[in-house]
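Chain residues, written in single-letter form:
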There are 2 protein chains.
Amino acid sequence: MANLGFIGLGIMGKPMAGHLIAAGHTLHVYDLNPAPVRELASKGAVACTSSKQVAQKSDIIITIVPDTPDEEAVLFGKDGVAEGLRPGAIVVDMSSISPIATKEFAHRLEALGAKMLDAPVSGGQVGAQNATLSIMVGGPTDLFNQINPYFQLMGKNIVHVGGHGDGQTCKVANQIVVALTIEAVAEALLFASKAGADPAKVRLALLGGFAQSRILEIHGQRMLDRSFAPGFRIRLHQKDLNLALQGARSLGLSLPNTATAQELFNAVAAQGDSDLDHSAMLLALEKLANHKISG
Amino acid sequence: MANLGFIGLGIMGKPMAGHLIAAGHTLHVYDLNPAPVRELASKGAVACTSSKQVAQKSDIIITIVPDTPDEEAVLFGKDGVAEGLRPGAIVVDMSSISPIATKEFAHRLEALGAKMLDAPVSGGQVGAQNATLSIMVGGPTDLFNQINPYFQLMGKNIVHVGGHGDGQTCKVANQIVVALTIEAVAEALLFASKAGADPAKVRLALLGGFAQSRILEIHGQRMLDRSFAPGFRIRLHQKDLNLALQGARSLGLSLPNTATAQELFNAVAAQGDSDLDHSAMLLALEKLANHKISG
């Protein structure tokens, strides 16, 4: 059995690592925060004191950290993975970071004799705990096939999208659709309510036709209930839309509604509410309209 | 059995009227264009020469015309319904028009001793032909119950949303969600394609999670196939978003992404393509990016 490493034991990483341990794998773990390292060690993981040490002991190194600079530091910073890489090691980055930076990281690792997959996830904390994450994978097919058994321990809807960076690109596309569908539902329910119709009945009517979406179903109901506990936090979605908008600028394309959705998230964050669920984008539109859809 | 009237025998109205005739109802029909009047007369309808004449002969008058001014002309113009109304007549407007004007029309008809329901539909030509339309109804409950058997002959998903105008409000909300979800899918697939990923694989991956929608399913596939035959024409969706944006202005609310979606429809129309399916909103984004997602 391969020696596994796991770097990044936050809200997502800790339960994901837990599934690998529960399946009987030897897992070398590290996080800047020592508490989850100790916790997983008590369940059978091997505690490490740096990313370098994880790399020295592992054939497959999984990383899941908050943002692009964090991943760069884990891989190429002081005491990072690059300093301890075994020959032929495989890095599987499950963070949600820049597709463009991901391609560069893959090439830098290749130059060091290692291989890389990008494999960002969607499904949040609940998906991580229940091993029902969607996993969008970029990188060579043989590598995907080799790592897929581990993905199966952490997720359910696992898609090999294409080459290096394509998993991250797919994740950004996913976050664009989710944000813009939240805005679609928010603008529609606000219009309906301000025009005097019952937004709950409108939601029901719309679910029966072309307006149907999982966002209308789930986040539409959250808006009606004014139930904005996360779920998925606005500040994380701001990070993802930043990847979309930075990417758009450097790739040479225009994403006008993504830009506006980000501004509405910024407006909610300006009220100190960036830790609310992303369905709270509604609050910015309500403020502009001086009208609440219910309650 | 009630005497029925039907005014407006276009792409939608003609098949809808056909279902009422097929069910054995006496139907008095009128359209500015004599061809569909003759065609339905050959199937058993009673041809009329004006909206006034339809009203003189009918207890229930169904109208379905392109826009708010057309409906106003049919109801209150020269030789219009108001000139021929029977006492206690019921007007059922299945056009998609202004919710605000609808409330006014209902009050004007009430002052003339008649009653009104607004009952716009969604589902397009195919839904009209197969009697599978969604019907969103505004007006008093007793009236809804009285007319519902006729709706059942033309549609499937029939929802009583609320009072006068709420059916139209619901339809506008529907068209906001549909347009903004089309834009969500278009921005995401364009981003994915320009970043070098396969948009077909991205669509498949996204269908498995929170990004799922009927628009991603159907219109996303149309974008990949570059299959822009309508479907639902951009110029009709422009009309609907105009109702949303005019409504937003007069109700006092801001619909930023609806406004941008309308501008993108305008940009496609500026190329002479307003008779394409609304999924062709993608073409405007592609032009800005100087990039086609496939083909």
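Here, the structure is the one placed above.
My aim in this report is to walk through the structure given alongside it, one point at a time. All values reported here derive from a predicted model rather than from experimental measurement.

### Description of the packing of helix α9 (residues 166–194) of chain A against helix α11 (residues 214–225) of chain A
Residues and elements named next belong to chain A.
Consideration 1: As a packed pair, α9 and α11 sit with axes 10 Å apart at the nearest point and diverge in direction by 55 degrees. Taken together, the axis directions place α9 and α11 in an arrangement best described as oblique. Both α9 and α11 take part in a crossing whose hand is right-handed. For the pair formed by α9 and α11, the contact residues are Val178, Thr181, Ile182, Val185, Ala186 and Leu189 on the first element and Ile215, Leu216, His219, Gly220 and Met223 on the second.

### Things to note about empty space enclosed by the protein
Consideration 1: Counted by the stated rule, this structure contains 2 cavities of 30 Å³ or more.
Consideration 2: Computed from the structure, the largest cavity encloses a volume of approximately 40 Å³.
Consideration 3: Around the largest cavity, the lining residues are A:Ser96, A:Ile97, A:Gln168, A:Lys171, A:Val172, A:Gln175, A:Asp240 and A:Leu243.
Consideration 4: Among the secondary structure elements, those contributing two or more residues to the lining of the largest cavity are α9 and α12 (234–251) of chain A.
Consideration 5: Element by element, the count of residues in the lining of the largest cavity is highest for α9(A), at 4 residues.
Consideration 6: For the lining of the largest cavity, the residue count by class is 3 nonpolar, 3 polar and 2 charged.
Consideration 7: When its volume is computed, the second largest cavity comes out at roughly 30 Å³.
Consideration 8: Contributing to the lining of the second largest cavity are A:Ser122, A:Ser134, A:Met136, A:Asn157, A:Asn174, B:Ala205, B:Leu206, B:Gly208 and B:Gly209.
Consideration 9: Sorting the residues of the lining of the second largest cavity by element identifies β8 (133–138) of chain A together with α10 (199–207) of chain B as the ones contributing at least two each.
Consideration 10: By residue class, the composition of the lining of the second largest cavity is 3 nonpolar, 6 polar and no charged.

### Remarks on the pattern of salt bridges
Consideration 1: For the structure on display, the rule yields 24 salt bridges over all chains.
Consideration 2: Ionic pairing is found between A:Arg108 and A:Glu104, a salt bridge with its closest N-O pair at 3.3 Å. Here A:Arg108 and its partner A:Glu104 are both found in helix α6 (residues 99–111), 4 residues apart, which amounts to about one turn of the helix.
Consideration 3: On the basis of relative accessibility, which here comes to 31%, the residue A:Arg108 falls in the partly exposed class.
Consideration 4: For A:Glu104, a relative accessible area of 39% puts it in the partly exposed group.
Consideration 5: Here B:Glu286 makes a salt bridge to B:Arg226, at a shortest N to O gap of 2.6 Å. Taken together, the residues B:Glu286 in helix α14 (residues 281–289) and B:Arg226 in the loop between α11 (214–225) and α12 (234–251) connect sequence positions 60 residues apart.
Consideration 6: The class of B:Arg226 is partly exposed, set by a relative accessible area of 24%.
Consideration 7: When salt bridges with common partners are traced through the structure, they connect A:Lys14, A:Glu39 and A:Lys43 into a single cluster.

### Section: α11(B)
All names here are of chain B.
Consideration 1: With 12 residues, α11 extends 16 Å between its outermost C-alpha atoms, agreeing within 8% with the 16 Å of an ideal straight helix rising 1.5 Å per residue.
Consideration 2: Within α11, burial applies to Ile215, Leu216, His219, Gly220, Met223 and Leu224. In a view along the axis of α11, the buried residues occupy a sector of 150 degrees, so they form one face of it.
Consideration 3: On its buried face, α11 is in contact with α9 (166–194), α10 and α14.

### Description of the nonpolar core
Consideration 1: Grouped together as the largest cluster of nonpolar side chains are 96 residues, with contacts concentrated most on A:Val202, A:Leu206, A:Met223, B:Val202 and B:Leu206.
Consideration 2: When neighbours within four sequence positions are excluded, A:Leu206 is seen to be in contact with A:Ala211, A:Gln212, A:Leu216, B:Cys170, B:Ala173, B:Asn174 and B:Val177.

### Focus: the interface of chain B and chain A
Consideration 1: Of the residues lining the interface, 61 residues belong to chain B; the matching set on chain A comes to 61 residues.
Consideration 2: A combined buried area of about 5,200 Å² lies between chain B and chain A, and 68% of that area is made up of carbon and sulfur atoms.
Consideration 3: Linking chain B to chain A there are 0 salt bridges.
Consideration 4: In this assembly, chain B and chain A are joined by 16 residue pairs in polar contact (both at pLDDT 80 or more).
Consideration 5: The element that contributes the greatest number of residues to the side of chain B that touches chain A is α9(B), accounting for 20 residues.
Consideration 6: Per-class residue counts for the side of chain B that touches chain A are 36 nonpolar, 18 polar and 7 charged.

Conventions adopted
Residues numbered from 1 in each chain as written. Chains lettered and ligands numbered in written order. Predicted model: local features only at pLDDT ≥ 70, side-chain atom pairs only at ≥ 80, totals over all residues. Heavy atoms only, no water. Axes fitted to C-alpha atoms, helices over the stretch in contact; angles between N-to-C directions. Helix = DSSP H or I, 4+ residues; strand = E, 2+ residues; numbered from the N terminus. Parallel < 35°, antiparallel > 145°, perpendicular 65-115°, else oblique. Left-handed = near helix turned anticlockwise from the far one by under 90°. Contact = heavy atoms within 4.5 Å. 1 Å grid on protein atoms, 1.4 Å probe; cavity = no way out; pocket = protein on both sides within 12 Å on 5 of 7 lines; lining within 4 Å. Points joined across faces, edges and corners; volume = space filled by probe spheres on them. Nonpolar A, V, L, I, M, F, W, Y, C, P; charged D, E, K, R; others polar. Salt bridge = Lys/Arg side-chain N within 4 Å of Asp/Glu carboxyl O. Buried < 20%, exposed > 50% of the residue type's maximum accessible area, 1.4 Å probe, protein only. Expected span 1.5 Å × (residues − 1). Arc of directions from axis to C-beta. Core = buried A, V, L, I, M, F, W, Y, C linked by side-chain atoms within 4.5 Å. Buried area = accessible area lost by both parts, 1.4 Å probe. Polar contact = N/O pair within 3.5 Å; in protein donor to acceptor, adjacent residues only side chain to side chain.

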